Amino acid sequence: MMQKHELLMESALLALCIDDGHSFVDGHGVIHTDDLAAPKLAEIKTYLQSCATIADGALYGKSPKVVMASTETVQLMLEIAGELLISDGSKEDHSEMSGKLTALCQSAVNAKASDIHLEVGRKESRFLLRVDGKRVVLKAFADGSSALRQSRKLGSNLAAYAFQMKGNHNYSERVPLNDRFELTLQVDGQDKTVEWRAALMPLDRGIKLVLRCITPLGEPLTLSAMDLLPTHVRLFEEKMKRRSGIIVLTGPMGSGKSSLVYALLETVDRVARCVHTLEDPVEFEQEFVTKTLVEPRRELKEGGGVYLDYTFYALEQLRQDIDITSFGELRSKSATKEFTRKGETGGLAISTLHANSAVGVPAIFIEHLNIPASVVSAPGLMQLFTHQKLIRKLCPHCALTLDEAKNIYHGHGFSQSYDIKLSQLTALLPEHLDSVRMRHPGGCEHCKHGPNAGEKGRVMVLEMIALENDDREFIKAENYLGWEAHLESKGWPDIRTHTLHRIQQGLVDIESAAEQVDELMPITSSSLYQQMQKEMEHGYCD
């Protein structure tokens, strides 16, 4: 096996080989590759031929030798090459990358972004922030320097620095990596340690790095801070007092499920009751909550076939005297079986699930995760199902009444948008138009510099099912349509109803709400087909 000293020690060449991802050059100037069609192989050859200082000039003007090597050897040597690049870099280089990473993360904190996306392509690096659920291009770093049209090298160096100097990994652009690191940043004028989760994914000709802020920066993650209905809060608190049973929270990615789990655990006396969570990855630290990082692709013993996944740790928990357990997400039959058993045998179990509605939870347990209907419908087991989404909030400083919006929308050239919104609001909330508000299309000084002029922040909409025995009869029969009709007959408010309440309160714009919740501004298939016919009749062409 080759060692570090057997690599040709030339920084530019090491960087070129890492960029190629399939080749390295040994100390004798021989190219080792696992792919004779490697993207940078020709450039590596040219570099060797044109550099008289390499191998005492022995390769100058000559065609270098190319030999095949195993992918494992190539990847190992490229990881070493990356390590050498970092270790050989000057302190000034480290300082520069440290300052740039801090400026990047500070710009995200200033914008109250949940994620940073760094996309390194063939020629340049792009920086984007996710603010209020929507991505926006970052134009300037917090230090005032431009974030636009940045070189590929900057993005690659930032990613390498994040994993090698701030994290705990050898860096390779060809291997997915996950890590975390901390930075001291300014939050509301005060120095604060902010933790970031880093995830790298190789691209065809580059990399994508996502940094997620996992330190709560705004209001505490409590139920009271979520502006839910009093009955929502009361039911959550009551169910969290139970000594057994199951609570399942559903919603799309980025809908605040992890934040809600955190808030629910905050309602518990965590000294009197032992709370232990299994997470992949661990997102928030929490006082008196023990948390285990689940690593589903890592073996307990190499070659043993036993993986450190949810199933493994769920069984280990049986000896930990746990009162409340939380699984990050239910994905497999075996993990769901152990999760369900926990709720059956004297512990409260909480988990998240990807489902389109609270009504859809039993079908996923029974049909996708193969839990028997008799278990899912067992008396007292399933206690609470929820489904949630986050909708952008109207900026309170410039939100418009319907009368105010008419002239302003006309002045911005949005008359048709105004008419569509007004028509649908009149149909949905005819008795509450005085309290309804619309987004200001130009925004104001408080919101116009964000990604969504006229809007700032997000608010949760939620549907909740507190299960009773009549609900369980429908689940046992797997009659989901009948169950939904039964719930509606009892006056159950679904997520659409709660969203209409948010619109009526003047908190959200109906168009923004319709991006997340169905049937607020519906377009029928018949109207679409009629439009297609008109376009063909009038000879429409692009």
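Not measured: the values here are computed from a predicted model.

**A word on the pairing of strand β16 (residues 324-327)**
Judged by which residues are buried, β16 turns out to be covered on both faces: I324 and S326 on one side and T325 and F327 on the other are all buried. Relative to β16, strand β12 (residues 275-279) runs parallel, the two sharing four bridges. Across the sheet, the residue bridging to H276 is T325, located in β16. Sheet analysis places β16 next to strand β17 (residues 348-353), joined by four bridges and oriented parallel. Across the sheet, residue S326 finds its bridge partner in β17, namely I350. This β-α-β element, β16 to helix α9 (residues 333-344) to β17, shows right-handed connectivity.

**Some points on the side chain of S255**
Within the secondary structure, S255 is located in the loop between β11 (245-250) and α7 (257-266). Engagement of the side chain of S255 in a polar contact is seen with the backbone oxygen of P252, the distance being 2.7 Å. Beyond its immediate stretch of four places on either side in the chain, S255 contacts Q388, K389 and L390.

**Considering the packing of helix α8 (residues 310-317) against α9**
Following both chains from N to C, one finds α8 and α9 inclined at 25°, their axes separated by 8 Å at the closest point. Judged by the inter-axis angle, α8 sits roughly parallel to α9. Where α8 crosses over α9, the two elements pack in a sense that is left-handed. Contacts between α8 and α9 pair Y310, T311, A314 and L315 from the former with S334, A335 and E338 from the latter.

**Quick notes on the packing of aromatic side chains**
All told, the structure shown has seven aromatic pairs when counted by the stated rule. Ring centres of Y409 and F414 lie 6.4 Å apart, and the angle between their planes is 70°; this geometry places the pair in the edge-to-face category. Among the aromatic residues, ring-to-ring pairing joins Y310, F327 and F339 into one connected group.

**Some points on the domain arrangement of the chain**
Under the domain assignment, the chain is made up of domain 1 (11-88), domain 2 (94-213) and domain 3 (223-390). Distance from the C-alpha centre of domain 1 to the C-alpha centre of domain 3: 49 Å.

**Focus on unusual backbone geometry**
Here the amide bond leading from D280 into P281 is cis, since omega sits at 0°, within 30 degrees of zero. Here P281 is to be found in the loop between β12 and β13 (290-293). Of note in the backbone geometry, K112 takes a positive phi value of approximately 55° without being a glycine. The topology assignment puts K112 in the loop between α4 (91-110) and β4 (115-120). Residue class for K112 comes out exposed when judged on its relative accessible area of 62%.

Reading guide: rules and limits
Residues numbered from 1 in each chain as written. Predicted model: local features only at pLDDT ≥ 70, side-chain atom pairs only at ≥ 80, totals over all residues. Heavy atoms only, no water. Buried < 20%, exposed > 50% of the residue type's maximum accessible area, 1.4 Å probe, protein only. Helix = DSSP H or I, 4+ residues; strand = E, 2+ residues; numbered from the N terminus. Pairing = 2+ DSSP bridges. Right-handed = clockwise from strand over helix to strand, strands pointing away. Polar contact = N/O pair within 3.5 Å; in protein donor to acceptor, adjacent residues only side chain to side chain. Contact = heavy atoms within 4.5 Å. Axes fitted to C-alpha atoms, helices over the stretch in contact; angles between N-to-C directions. Parallel < 35°, antiparallel > 145°, perpendicular 65-115°, else oblique. Left-handed = near helix turned anticlockwise from the far one by under 90°. Phe/Tyr/Trp six-rings, centres within 6.5 Å; stacked < 30°, edge-to-face > 60°. Domains from an automatic or database assignment.

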